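Secondary and tertiary structure notes
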Amino acid sequence: MAKKIKQIAIYGKGGIGKSTTTSNISAALSTMGYKVMQFGCDPKSDSTNTLRGGDYIPTVLDTLREKGRVDARDVIFPGFNDIYCVEAGGPAPGVGCAGRGIITAVTLFRQQKVFEELDLDYVIYDVLGDVVCGGFAMPIREGIAEHVFTVSSADFMSIYAANNLFKGIEKYSNTGGALLGGIIANSINQPYAQEIVDDFAKQTGTQVVSYVPRSVTVTQSELQGKTTIEAFPDSAQAKVYTDLAQRIANHTDSITPAPLDGPALRNWASKWADNLLAIEQSGTPISASVPATPLPTTSSIPASEKAVAV
Amino acid sequence: MSINLNESSVGTRENRLGSITGYSGRLSDLVERSHCGTLGNHERCFSQSSTCNSSCGLSQLAGIRDVAVINHAPSGCTAVAPGIATLDRQMATKRGVTTDTVFIGTDMDEQDTVFGATGPLKDIVREIYRRYHPRAIFIGASCVTGIIGEDIDSVVDDLRDEIPVPLAAIHCEGFRSRIWASGFDVADQAVMTSLVKPPKQRSNKVNFKNFFESARDEIIDIFSNFDVEPTFLYVNSTVDELEHLSEAQATISICGTLGTYLGNALEEHYGVPYIRTINPLGVTGFETWLREIGKVIGKSDKVEAYIAQERAKYLPQIEKLKGELEGIRVVLGMGPGYTFEVTRVLEELGMEVVWAAAWHFDPNYDNGAVPPSMDHLLKNGSDFKLSITDQQNYEILNILDHYQPDIYLSRHPGTTVWAIKQGVPALCVTDEYMIFGYRGVLRFGNSVLDTIRNRSFEKNLAARSELPYTDWWYQQDADALMKEEL
């Protein structure tokens, strides 16, 4: 019997560092010896750039438009350490339907049994945005990704996007859809930023799998068109990504998150706004938890591991 | 490419088989490029409407007796329902059976499109089961559900424990393919994934895929000579019959376009041999086909005996008819599973193929091979002019005007009416068995002669019809509005 492919979807608000994080996870998993495919699901089609020296690759949808017929194997390109790179692609901004584009591209790969034939260990979908329509939910539906991780900073809009994602996961959770592995906290350099993400994780009954600091090493790597794992493999930042990848490799049980509803999210954000103001004015933090709601049980990572990146 | 039964969706003909809807050239070029994999498609800068793969796929499934087809779509997409329901009831009545199949639309509206409608869809499925107790329920996708990403697969999964009959999601979103025959494949996928069970034994049945089973009695009679019994698909099929398709001795299809997916899927997954010869139209086709069936089911002796007996009966009559048909100039427009079979029969009978049009073209079938009819034609010296045109009527009328054939043949009634309005005698070969076997050759040949000898109908209709095309258009080449090959 064929081995089980671990399929993971990584979501997050645009510009939050999702592709950077995803590419570094792919790179780290590949250096651990796994066969990895990274599947960019963003019309910008730049998810895999840092795995390919900064190059853009022809996308599934552009190829489909030009040729009318696509053998999925023709739109897979080798990246760093033989990672299989795919970009779904999509329409130009303001036209067409990007969500349908993702459905078309992912369906094409599934119909042609590509994942099984390549004998992959991991397929990682790097998905834009906050699940605004059925197309962006495609990777979390039944039979596609099993585990979802969301990249989020402490920025409110980023958390809003994560909360929307949780709603999508909750919707598909009882029909065999993907469940939540946890939050990858990105650009965490201030203690309060970690507290905000921690509190959101607590309120929604999930966990933070890693804290990734903002780092100039990442910028330097990306300017070279590389992941940090490739450009600065011995750096502290590379270790952060390697630890994150290892944690994802070890991860087995995901959960159904408990997203906040609109008023609860606004209330929670408003209390944190007060808290941040208080920090700025007096340096005295105020507790900012949302009124208690029943929380599902979740495994939390040991406190000793939380300190990894801070 | 292997057939994937783990998915509810199946690739379109364009993507799976490299099928095209735009081409103009000669048979030899089409066949050669099909073999070497260089055949591309020509888009058009102007296009008349064609047919949707949704109505094709869902109507195939609605032919099965006592099932429910739920078209999850705006009401306009279900405008085909009365036609489908009427046809299926007529087919059942003709055969002396009853069907309680229902075809239902979910009437998606603005709100359903904005907010999604899987909730109401579930309620509709429950209500359909409560009211009609169908033996299976097929839920069809539409352009709207495709665009909004409506997850009908999860609806099926969710209801599976609750509703005790097979359920299947049918991915026949209208915009996914220009080729309506892609609908045959999604219907086959639904049958294969939701109804067909693994074999427990080999039966004495052969699966016989066809459209309207008009030659049912004749075929049952022929196959009784070889000790096998045909199961006709899908019009008037029952769910019980379909569950046992995997146990048959072979799968046969009256049309290669119709049968490729089911035939190859049953062979690949359950070892049921798929008969891949030229089709049983005309003498050569019928005999080649019968001999292959005889070989596969181990009854070659009986097949040879049958052929000898029938030849003695019919060949003298066919030879006589040939003399009368000799030199008749023909243009034809049909699906590719017929165009390149009927052309063979026409040439066999001494007629001249002036132009052959096919509504699409599959450069290969699901086993990866070029359709056998193509090689057969080429090997026998054919090299007629042809076009691949998805029922682009303006091209057909241009061709008819240019070549002024003695007769136009089509299997789709709308196109023969237009030919007649232009004054060209036309014969609609809608019945898939019209040219089947020796008797079919006689039936067909005589119909051709009747059509061209009684010309008052087209003369009168043409004199009273005003066609929409300008003189300018008739002066152009028929492929003038095709773009560069992709």
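All values derive from a computational prediction rather than experimental measurement. (Residues numbered from 1 in each chain as written. Chains lettered and ligands numbered in written order. Predicted model: local features only at pLDDT ≥ 70, side-chain atom pairs only at ≥ 80, totals over all residues. Heavy atoms only, no water.)

Scanning chain B for helices and strands turns up 21 helices and 15 strands. Here the C-alpha radius of gyration of chain B, 23 Å, is about what a compact globule of 486 residues would show, namely 23 Å. The dimensions of chain B, computed from C-alpha atoms along their principal axes, are 65 × 60 × 45 Å. Within the span of chain B, comprising 486 residues, buried residues form 60% of the whole. Within chain B, contacts between residues at least 6 apart in sequence are counted, and of these 75% link residues at least 24 apart. Charge-centre separation for chain B: the mean point of 45 positive side chains lies 5 Å from the mean point of 66 negative side chains. (Helix = DSSP H or I, 4+ residues; strand = E, 2+ residues; numbered from the N terminus. Rg over C-alpha atoms; globule rule 2.2 N^0.38 Å. Buried < 20%, exposed > 50% of the residue type's maximum accessible area, 1.4 Å probe, protein only. Contact = heavy atoms within 4.5 Å. Lys, Arg positive; Asp, Glu negative; His and termini not counted. Charge placed at Lys NZ, Arg CZ, Asp CG, Glu CD.)

Membership of the largest hydrophobic core comes to 98 residues, with the highest contact counts inside it found for B:F223, B:W289, B:F340, B:L409 and B:F444. Two domains share this core, each providing at least three of its residues, namely domain 1 (53-195) and domain 2 (315-485) of chain B. Ignoring sequence-local partners within four residues, the contact set of B:L409 consists of B:V330, B:V331, B:L332, B:G333, B:M334, B:V342, B:L346, B:L427, B:V429 and B:F444. In this structure, A:I103, A:I140, A:L165 and A:I169 belong to the second largest nonpolar core, which totals 60 residues. (Core = buried A, V, L, I, M, F, W, Y, C linked by side-chain atoms within 4.5 Å. Domains from an automatic or database assignment.)

This next bit is on empty space enclosed by the protein. All names here are of chain B. Tallied over the full model, the rule gives four cavities of 30 Å³ or more. There is about 130 Å³ of room inside the second largest cavity. In this structure, the second largest cavity is lined by 17 residues; those nearest its centre are G256, Y274, T277, N279 and Y365. Residue assignment for the lining of the second largest cavity shows that the elements contributing at least two residues are α12 (256-270) and α16 (372-379). Examining the composition of the lining of the second largest cavity, we find that three residues originate from one element, α12, more than from any other. (1 Å grid on protein atoms, 1.4 Å probe; cavity = no way out; pocket = protein on both sides within 12 Å on 5 of 7 lines; lining within 4 Å. Points joined across faces, edges and corners; volume = space filled by probe spheres on them.)

Attention now goes to the interface of chain B and chain A. Taken together, the 26 residues of chain B in the interface contact 22 residues of chain A. Taken together, chain B and chain A are joined by two salt bridges. Across the salt bridge formed by B:D151 and A:R141, the nearest N and O atoms sit 3.6 Å from each other. Between chain B and chain A we count 13 residue pairs in polar contact (both at pLDDT 80 or more) in total. (Salt bridge = Lys/Arg side-chain N within 4 Å of Asp/Glu carboxyl O. Polar contact = N/O pair within 3.5 Å; in protein donor to acceptor, adjacent residues only side chain to side chain.)

Moving on to a nonpolar patch on the surface. A contiguous nonpolar surface patch, about 270 Å² in accessible area, is contributed by A:F156, A:M157 and A:Y160. Given a relative accessible area of 35%, A:Y160 falls into the partly exposed group. (Patch = residues over 30% accessible without salt bridge, like charges linked within 9 Å, V, L, I, M, F, W, Y side chains within 5 Å. Areas by Shrake-Rupley, 256 points an atom, 1.4 Å probe, with all protein chains shown as cover.)

Looking now at helix α10 (residues 216-224) of chain B. Within the sequence span of α10(B), burial applies to B:R216, B:E218, B:I219, B:I222 and B:F223. Buried residues of α10(B), seen end-on, are gathered within an arc of 160 degrees and therefore sit on one face of the element. (Arc of directions from axis to C-beta.)

This paragraph deals with the side chain of A:K113. With respect to the helices and strands, the residue A:K113 is situated in the loop between α3 (98-111) and α4 (114-117). Of the side chains bearing the opposite charge, B:E268 lies closest to the buried A:K113, which forms no salt bridge; the N-O distance is 5.0 Å. A polar contact is formed between the side chain of A:K113 and the side chain of B:S2, at a distance of 3.4 Å. For A:K113, the contacting residues outside a window of four places in its chain are B:S2, B:I3 and B:N4.

All names here are of chain B. Look at the link from L233 to Y234: it is a cis peptide, with omega at -15 degrees. The backbone of D66 sits at a positive phi, close to 65 degrees, despite the residue not being glycine. When you line up the elements, D66 lands in the loop between α3 (53-62) and β3 (68-71). Using a relative accessible area of 29% as the deciding quantity, one classes D66 as partly exposed.

We now examine the side chain of B:T78. Mapped onto the fold, B:T78 is located in the loop between β3 and α4 (81-95). Excluding anything up to four places from it in sequence, B:T78 contacts B:N71, B:F103, B:I104 and B:G105.

A separate point is helix α9 (residues 182-195) of chain B. Under the 1.5 Å per step criterion, the end-to-end length of α9(B) is 20 Å for 14 residues, consistent within 8% with the ideal 20 Å. Across the 14 residues that make up α9(B), a large majority, 13, are buried. (Expected span 1.5 Å × (residues − 1).)

Residue and element names in this part refer to chain B. Taken as a whole, the second largest pocket spans an internal volume of roughly 840 Å³. Around the second largest pocket, the lining is made up of 29 residues, and of these S59, W180, F211, F212 and H412 lie nearest the centre. Those elements that provide at least two residues to the lining of the second largest pocket are α3, α4 and α15 (336-348). Examining the composition of the lining of the second largest pocket, we find that four residues originate from one element, α3, more than from any other.

All names here are of chain A. In spatial order, the strands read β3-β4-β2-β5-β1-β6-β7-β8; together these eight strands make up an open sheet with mixed pairing. The open sheet has two edge strands, β3 (77-78) and β8 (208-212), and neither has a second partner. The pairing of β3 with strand β4 (residues 84-87) spans two bridges and is classified as antiparallel. Bridging across to β4, F77 finds its partner in C85. (Pairing = 2+ DSSP bridges.)

Moving on, we get to the domain arrangement of chain B. Residues and elements named next belong to chain B. Split into domains, chain B comes out as domain 1 (53-195) and domain 2 (315-485). Between domain 1 and domain 2, the buried area comes to about 350 Å², and carbon and sulfur atoms account for 74% of it. The three residues of domain 1 that bury the most area against domain 2 are R178, I179 and W180, which together make up 87% of that side's buried surface. The tally of links between domain 1 and domain 2 comes to zero salt bridges. Where domain 1 packs against domain 2, one counts zero residue pairs in polar contact (both at pLDDT 80 or more). Its residues assigned to classes, the side of domain 1 that touches domain 2 shows three nonpolar, no polar and one charged. (Buried area = accessible area lost by both parts, 1.4 Å probe. Nonpolar A, V, L, I, M, F, W, Y, C, P; charged D, E, K, R; others polar.)

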